[in-house]
Amino acid sequence: YGGDDFALLLPKTNLDGATLVCERIIEQLKGNSLDGPNGTIPLKVSIGVCSLEAHNFSHEEIVRPVTVDYFLDMYKYIVDSTDQALYQAKNNGGNQIFAGKTLTWEGEGIRVT
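About the criteria used
- Residues numbered from 1 in each chain as written.
- Predicted model: local features only at pLDDT ≥ 70, side-chain atom pairs only at ≥ 80, totals over all residues.
- Heavy atoms only, no water.
- Salt bridge = Lys/Arg side-chain N within 4 Å of Asp/Glu carboxyl O.
- Helix = DSSP H or I, 4+ residues; strand = E, 2+ residues; numbered from the N terminus.
- Contact = heavy atoms within 4.5 Å.
- Buried < 20%, exposed > 50% of the residue type's maximum accessible area, 1.4 Å probe, protein only.
- 1 Å grid on protein atoms, 1.4 Å probe; cavity = no way out; pocket = protein on both sides within 12 Å on 5 of 7 lines; lining within 4 Å.
- Points joined across faces, edges and corners; volume = space filled by probe spheres on them.
- Nonpolar A, V, L, I, M, F, W, Y, C, P; charged D, E, K, R; others polar.
- Expected span 1.5 Å × (residues − 1).
- Arc of directions from axis to C-beta.
- Patch = residues over 30% accessible without salt bridge, like charges linked within 9 Å, V, L, I, M, F, W, Y side chains within 5 Å.
- Areas by Shrake-Rupley, 256 points an atom, 1.4 Å probe, with all protein chains shown as cover.

Novice: Would you mind showing me how to read the pattern of salt bridges here?
Specialist: Between side chains of opposite charge, a pair can form when the charged atoms approach closely. If you walk through the whole model with that rule in mind, you get two salt bridges. For Glu-27, the salt bridge goes to Lys-30, with nearest N and O atoms at 3.2 Å. Asp-80 serves as the salt-bridge partner of Lys-76, at 2.6 Å between the closest nitrogen and oxygen. Remark: Asp-80 and Lys-76 occur in helix H2 (residues 68–91); sequence separation between them is four residues, near one turn of the helix.

See below:
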């Protein structure tokens, strides 16, 4: 995603399922390290997790046309919420998962109808 951050998109995966994937990632890294110019570096990861629940509105409820701004707002909402969860994992000591919110399509100030 940027710097030392990366994102995983897991279609049709709820918060519990995404958290399970992240637990497996941490387990695979446990005990592994990289040799660097200044010595051995243990592999550790802090993970923030959010999910977006499937929408439950009908096609008739969707405001037409759907603007690019709507998708940009949703993107920002998802990234910001996941970033908050990531920083919570880091603030809790790192090398762990923090499961944040299950987000909805309405979001904070985002409107479907």
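Novice: It is not clear to me how the side chain of Ser-51 should be interpreted in this structure. Could you clarify?
Specialist: Along the chain, Ser-51 falls in strand S3 (residues 47–52). Those residues in contact with Ser-51 that lie beyond four places of it in its chain are Thr-13, Asn-14, Leu-15, Lys-101, Thr-102 and Leu-103.

Novice: How should I be thinking about unusual backbone geometry in this particular structure?
Specialist: Keep in mind that most residues, glycine aside, have a negative phi and that most peptide bonds are trans. The phi dihedral of Lys-12 is positive, around 55 degrees, even though this residue is not glycine. Within the element layout of this structure, Lys-12 appears in the segment before helix H1 (15–29). The exposure class of Lys-12 is exposed, given its relative accessible area of 89%. The backbone of Asn-95 shows a phi angle near 50 degrees, a positive value even though the residue is not glycine.

Novice: Is there a simple way to explain the layout of surface pockets in this structure?
Specialist: Any empty space left between the atoms is revealed when a probe the size of a water molecule rolls over them. Its boundaries defined by the atoms lining it, the largest pocket holds a volume of some 1,200 Å³. Contributing to the lining of the largest pocket are 34 residues, with Phe-6, Ala-7, Leu-8, Gly-48 and Thr-82 lying nearest its centre. Within the residue set of the lining of the largest pocket, elements represented by two or more residues are H1, S3 and H2. Counting residues per element, the lining of the largest pocket draws most heavily on H2, at seven residues. In the lining of the largest pocket, the residues fall into 20 nonpolar, seven polar and seven charged.

Novice: What is the right way to read H1 from this model?
Specialist: Since the α-helix advances by 3.6 residues per turn, residues separated by three or four positions end up pointing in the same direction. Under the 1.5 Å per step criterion, the end-to-end length of H1 is 21 Å for 15 residues, consistent within 8% with the ideal 21 Å. Buried within H1 are the following residues: Leu-15, Ala-18, Thr-19, Cys-22 and Ile-26. Summarising the axial view, the buried residues of H1 lie within an arc of 100 degrees, below the 170-degree limit, and thus occupy one face. In H1, the exposed residues that point more than 90 degrees away from the buried face are Asp-16, Arg-24 and Gln-28. As for H1, its buried residues are in contact with S3 and strand S4 (97–103).

Novice: Help me understand a nonpolar patch on the surface, please; the structure alone is not making it clear to me.
Specialist: Together, Phe-6, Leu-8 and Leu-10 make up a nonpolar patch on the protein surface, roughly 290 Å² of accessible area in all. Here Leu-10 shows up in the segment before H1. By relative accessible area, which is 32% here, Leu-10 ends up partly exposed.

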